[in-house]
Amino acid sequence: MINTEYGNTSWELSVQVDQREGDEGMRFKFRVKGDLHIGGLMLKLVEKIKAPQNWSDHALWWEQRSCWLLKTHWTLDKYGVQADADLRYTPQHKPLCLQLPNMKMVKLTVSYSAVVFKTVVEICRALNIRRPEELSLLKPPDDPSKKKKNRKDKNPALEDVLDMDIFNGGSGGTGERSNPLYSKTMVPTYGPENGTPASATSLWFGDNPLTSSQPNLPPVELAKMYQQLSMVDKAIINAGWLDSSRSLMEQGIGEHDRLQLRFKYHCFFDLNPKYDAVRITQLYEQARWSILLEEINCTEEEMLMFASLQYHICKMTMSTEPLDFSNEPEIDEVEAALSHLEVTLGGKTDRILEDITDVPKLADSLKLFRPKRLALRSYKEYWFVFKDTTISYYKNKETASGEPIEQLHLRGCEVVPDVNVMDKKFGIKLLLPVADGMSEVYIRCDNETQYAKWKAACTLASKGKTMAYSSYRSEVKNIQSFLQMKSLAPLPGQSAPDLDAMEMNAECFVSPRYTKRYKTKQVGVYLQYRLTARILEAHQNIASLSLNEAKMRFIHAWQSLAEFGIKYYVVRFRGSKKDELMGISYNRLIRIDMSTGLPVTTWRFANMKQWNVNWEIKQVAIEFDQNVSIAFSCVSCDCKVVHEYIGGYIFLSTRSKDQNETLDEELFHKLTGGQE
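Quick caveat: nothing in here was measured; it's all calculated off a predicted structure. (Residues numbered from 1 in each chain as written. Predicted model: local features only at pLDDT ≥ 70, side-chain atom pairs only at ≥ 80, totals over all residues. Heavy atoms only, no water.)

S.K.: Before we go on, may I ask you to explain the packing of aromatic side chains in this structure?
M.R.: We describe a pair of aromatic rings using the distance from one ring centre to the other and the angle between the two ring planes. Following the criterion strictly, the structure yields 27 aromatic pairs and no others. Plain terms: the ring middles of Phe-263 and Phe-268 are 6.0 Å apart, the flat faces sit at 85° to each other, and that makes the pair edge-to-face. Phe-263 gets classed as buried once you look at its relative accessible area, which sits at 0%. Look at Phe-268 and you get buried, because its relative accessible area is 14%. An aromatic cluster is present here, built from Tyr-265, Tyr-569, Phe-605, Tyr-645 and Tyr-649 joined pairwise through their rings. If you follow Lys-48 out to its NZ or CZ, it ends over the ring of Phe-30, 4.9 Å from the centre. (Phe/Tyr/Trp six-rings, centres within 6.5 Å; stacked < 30°, edge-to-face > 60°. Buried < 20%, exposed > 50% of the residue type's maximum accessible area, 1.4 Å probe, protein only. Lys NZ or Arg CZ within 6 Å of the ring centre and 35° of its normal.)

S.K.: How do you make sense of helix H11 (residues 300-317) when you look at a structure like this?
M.R.: Count 3.6 residues to each turn of an α-helix, and residues three or four apart come out pointing the same way. The terminal C-alpha atoms of H11, which comprises 18 residues, lie 26 Å apart, in line with the 26 Å expected from a rise of 1.5 Å per residue. With 14 of 18 residues buried, H11 is to be regarded as a mostly interior element. (Helix = DSSP H or I, 4+ residues; strand = E, 2+ residues; numbered from the N terminus. Expected span 1.5 Å × (residues − 1).)

S.K.: Please clarify how the side chain of Arg-604 should be interpreted in this entry.
M.R.: Take Arg-604: it is sitting in strand S21 (residues 599-604). Within the buried core, Arg-604 has no salt-bridge partner, and the shortest N-O distance to an opposite charge, that of Glu-414, equals 4.1 Å. From its side chain, Arg-604 meets the backbone oxygen of Ser-462 in a polar contact 3.0 Å long. (Lys, Arg positive; Asp, Glu negative; His and termini not counted. Salt bridge = Lys/Arg side-chain N within 4 Å of Asp/Glu carboxyl O. Polar contact = N/O pair within 3.5 Å; in protein donor to acceptor, adjacent residues only side chain to side chain.)

S.K.: Would you explain the sheet that holds strand S5 (residues 86-91) in this entry?
M.R.: What links the strands of a sheet is backbone hydrogen bonding, and the strands pair in either a parallel or an antiparallel sense. Spatial strand order, S2-S1-S5-S3-S4: 5 strands in an open sheet with mixed pairing. The open sheet is flanked by strand S2 (26-32) and strand S4 (67-69), the only strands paired with a single partner. Within the sheet, the average angular offset between the axes of one strand and its neighbour, ignoring direction, is 35°. As paired strands, strand S3 (residues 58-62) and S5 are joined by 5 bridges and run antiparallel to one another. Following the sheet pairing, Leu-60 is matched in S5 by Tyr-89. Sheet contacts for helix H1 (residues 38-49): strand S1 (11-17), S2, S3, S4 and S5; angle to S2, the most-contacted strand, approximately 125°. (Pairing = 2+ DSSP bridges. Axes fitted to C-alpha atoms, helices over the stretch in contact; angles between N-to-C directions. Contact = heavy atoms within 4.5 Å.)

S.K.: Help me understand a nonpolar patch on the surface, please; the structure alone is not making it clear to me.
M.R.: There is a patch of nonpolar side chains on the surface, built from Val-232, Ile-236 and Met-594 and spanning about 220 Å² of accessible area. Relative to the helices and strands, Met-594 resides in the loop between strand S20 (588-592) and S21. (Patch = residues over 30% accessible without salt bridge, like charges linked within 9 Å, V, L, I, M, F, W, Y side chains within 5 Å. Areas by Shrake-Rupley, 256 points an atom, 1.4 Å probe, with all protein chains shown as cover.)

S.K.: Sorry if this is basic, but what is going on with the state of the cysteines here?
M.R.: Disulfide: a covalent bond connecting the sulfur atoms of a pair of cysteines. Within this structure, the stated rule accounts for 0 disulfides. There is no disulfide at Cys-634, and the cysteine sulfur nearest it, in Cys-637, is 4.6 Å away. (Disulfide = S-S within 2.5 Å.)

S.K.: Help me understand the pattern of salt bridges, please; the structure alone is not making it clear to me.
M.R.: If charged atoms from side chains of opposite charge come close, those side chains can pair. Tallied over the full model, the rule gives 25 salt bridges. Taking the shortest distance from any N to any O, the salt bridge between Arg-130 and Asp-276 comes out at 2.8 Å. Pair noted here: Arg-130 is in the loop between helix H3 (116-127) and strand S8 (135-138) and Asp-276 is in the loop between strand S10 (258-263) and helix H10 (277-292), with a separation of 146 residues, a long-range link. Assigned by exposure class, Arg-130 and Asp-276 land together as buried. With a closest N to O distance of 3.5 Å, Asp-270 and Arg-131 form a salt bridge. Within this pair, whereas Asp-270 is found in the loop between S10 and H10, its partner Arg-131 is found in the loop between H3 and S8, the two being separated by 139 residues in sequence. Given the relative accessible area of 7%, Arg-131 is considered buried. Beyond isolated ion pairs, a larger network of salt bridges with shared partners links Arg-130, Arg-131, Glu-133, Glu-134, Asp-270, Asp-276, Arg-279 and Arg-655.

S.K.: Even after reading the chapter, I still don't get the packing of H10 against H11, so can you show me in this structure?
M.R.: Packed helix pairs are specified by the crossing angle of their axes together with the interaxial distance, meaning the distance between the axes. Running from N to C, H10 and H11 point in directions that differ by 135°, and their axes come no closer than 11 Å. The angle between H10 and H11 places the two elements in the oblique class. H10 and H11 meet at a crossing whose hand is left-handed. Facing H10, whose interface residues are Tyr-284, Arg-288, Ile-291 and Leu-292, H11 presents Met-303, Phe-306, Gln-310 and Ile-313. (Parallel < 35°, antiparallel > 145°, perpendicular 65-115°, else oblique. Left-handed = near helix turned anticlockwise from the far one by under 90°.)

S.K.: Got a minute to help me understand the nonpolar core in this structure?
M.R.: In terms of nonpolar packing, the biggest core is built from 67 residues, with Leu-98, Leu-137, Leu-248 and Trp-558 touching the most fellow members. The element contributing the most residues to this core is H11, with 9 residues. A domain split of this core shows at least three residues from each of domain 1 (10-91) and domain 2 (96-150 + 157-168 + 196-296). Among residues more than four places away in sequence, those in contact with Leu-248 are Leu-96, Val-110, Ser-111, Tyr-112, Ala-114, Val-116, Thr-119, Leu-137, Leu-242, Ile-253 and Leu-259. (Core = buried A, V, L, I, M, F, W, Y, C linked by side-chain atoms within 4.5 Å. Domains from an automatic or database assignment.)

S.K.: Explain helix H9 (residues 231-238) to me, please; I cannot follow it from the model alone.
M.R.: The complete set of buried residues in H9 reads Lys-234, Ala-235 and Asn-238. On an axial view of H9, the arc spanned by its buried residues comes to 105°, and they lie on one face. Against strand S18 (567-573) and helix H19 (639-652) lie the buried residues of H9. (Arc of directions from axis to C-beta.)

S.K.: Would you take a moment to explain the packing of H11 against helix H15 (residues 471-486) for this structure?
M.R.: The contact between H11 and H15 brings their axes to 8 Å, and the two run at 85°. Classified by the angle their axes make, H11 and H15 are roughly perpendicular. For the pair formed by H11 and H15, the contact residues are Glu-301, Glu-302, Met-305 and Leu-309 on the first element and Phe-482, Met-485 and Lys-486 on the second. Classifying every residue of the contact of H11 with H15 gives 4 nonpolar, no polar and 3 charged. (Nonpolar A, V, L, I, M, F, W, Y, C, P; charged D, E, K, R; others polar.)

S.K.: Hey, could you run me through the sheet that holds strand S23 (residues 619-624) in this one?
M.R.: Here we have 7 strands laid out as an open sheet, ordered S21-S20-S19-S18-S24-S23-S22, and antiparallel in their pairing. Looking along the sheet, the strands with just one partner apiece sit at the ends: S21 and strand S22 (608-614). Taking each pair of neighbouring strands and ignoring which way they run, the sheet shows an average axis angle of 30°. The strands touched by H19 within the sheet are S18, strand S19 (580-584), S20, S22, S23 and strand S24 (628-634), with S22 carrying the most contacts at an inclination of about 155°.

S.K.: Can you walk me through the environment of Tyr-394 in this structure?
M.R.: Counting through the fold element by element, Tyr-394 comes out in strand S13 (residues 390-394). Of the residues examined, Tyr-394 reaches a relative accessible area of 9% and is grouped as buried. When sequence neighbours within four positions are dropped, the list of residues in contact with Tyr-394 reads Tyr-382, Trp-383, Val-385, Thr-399, Ala-400, Gly-402, Glu-403, Pro-404 and Ile-405.

See below:
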C-alpha cells in the first residue's frame, strides 16, 4: 500500500513474465520504491526468475496504459507506475501473420515495440521489397458473420501459411542478419566465374516464391471473395491503416494477429526489374486483385485488356522456362553520367529544357460539349489551340488570330479519359476548378494519334507543366500503347486465334459482376466461347511481351485508370451540415458529393502552403495558394489517418535518386506525426 506522506516508502508491484511461446506466464511480486529505474526492475526480475534464457529481447509492457517502458534509465515515478499497475515482462519480437498483396499468408517475427514505420521497414527487408516507405499495414474491418463461421471451420485458404523465419534460414527476427538474401546496398555484384555483372535478381532473391505470380482462382472461389463496394464502404476499409508513429502493441495488435501488407502510397519510385522482382510482382498482384474485386472501376474494354494481360502472365508463369533477366537493357556509361548530372542539378532538367526552348503548341479542329440541365449531349466543332497550360478555342481556324471564344486554364483540373476504342470514341473530360466547385467540359478527338497528343498535354497542364517538358513524348507513347492494348483487333500480319485449341476459363480473369452482366447477353457454352474469344483477341496485341514487361504494362495500365490511387474518407467540412467524401490521391485532394459520387472541387498538393490538425476538436485545416483555405473533421476514421496520408505523400515527393536507399525517418514522422 502506498504511503502518501512519505515518498520513499516501498510498495508491492506485480509483474507477469512471458518466457517462451506457448508457456503460461508466471507472476512475481516485488517490494519497490518509486526511485527504482526500469533497468533495475528488469535486473531484479531476471535474478528472481533464475531461468537459463536470453532475456535481451524482453521489455516491460504496461497493460492499462497500453505503452512500453523502453527508457530503462527512467524511474517508476517518472513513468507514473504505482502499486495498481499491471506490468508484463514480454518479448518485443513476436510472430505476426501477414496477408501479402497476392492474398497469400506469411508468418514472420516482427518488433511489437518499434513504431509501425520501422516494423514495415523490417518486414520489407525480410521480404526483399525496396522502398518500404510506400507500404504500410492495414487492419481489415471486423465482420461478425465471418467470425462466427470461422469458429466452426477454418478457412483452408488461410491454412497455407509460409513461415518466413524458416524460409530466411533464421530462428526469428526481421533484422539484416536473419535474412541471407538481403543486400543492404543494392549495388550490382559480379559473377565469380567470368567477372561480368551478374543478374541482380537471381543473386539477391534466389529461388524466392514471392517473385512468382499466383494462379487465378476458379470463378466460384472468386465470387465468394467479391463484394460490391460503395465509396462509403471503401472509406470504412481505409480507416484501418495503422498509425505509423505508434507500435503494434500500442494499437491493440496481439501475437499471431492477422494484418494486411499493402502498397499504401500509390507513388512508386524507381521501379527497376533488375532489383525489384518481389516488389513488381506484389505490386502487380495488388493491382490485379483491385481489378478483379472491383476496388477500382474500369470500362468493359479495360477489363478485357487487363484479362488478356493476366492470361499472358499466367501462361508465362506456368512456362517451364526459368526467368531470364539477361535481356534487360543495361544502362550505358553515357546514360549513367547524364542521370548523375540530372541528380547533381537537383532533377531540374525538365525545367531547364523549358527555359531554353520555345514552348510547343497544339492546334487542331476538335469538338466541344458543355453539360447543361435538360440538354442533350451535342458536340460542336471549334478550332482549338493549346499553349502553355491553357486551351483557347475559336469559331474556326481563320479567326484564331483574334480573341478566343473562351480560354480553359488547366492548372489544377481533373483530366478523365472518355474512350471506347471499338466505337472509335476518343474523348477527354475536363473538370475545371471554379469558385463554387468544378466545371465540366468534354472534348472529342477524331483519332488515336490526336487523342494521345491532347490527353498528354492536358495531363501535364493539370500539374502545371507544359509540352516543353521531356516527359511529354513518353506520356504520348504511353497513351498510344494503352490504346493499342485496349484494341481487340489483331495487329497486321497476325492470324485469328484458334479457340478450340485454347484451354482457358475466361471467367477467372474478369470480375464476377462483369461475368454476371455478360451472361445476360449470352447463353451457356456460347458465353464461355465468346468471352474467351474477346480475351484472346486482345491478347494478340501483347503476346510478344516478356513476363516482366507484361507485369509492368499491367501496372502502368492500372495507373492510367481515372480512379487510380484515390482513397476515400467520410468527412464534414467546416460550416457544412452534411457528410461528404474526401478523396486523397498522390497529388491532390478531391471533395466528392456523397449522393452522386461526382467531384465537387479539387485542391493540389503543389498549391498547398501549410496544413495542421487541431487535436482537441479533431479538425484538419489546410491553406492553399490564392487565399484558399479548408477545414474538415473526419467521420469515418481518426483524423490522424488522413493527416498521415497527406504528410506521407508530401514526404514521398521529397525523394530523389541521389538518396539511394537512405530513408529520412525523422522527416517522415515530422510530416505525419501526431500531437507529439
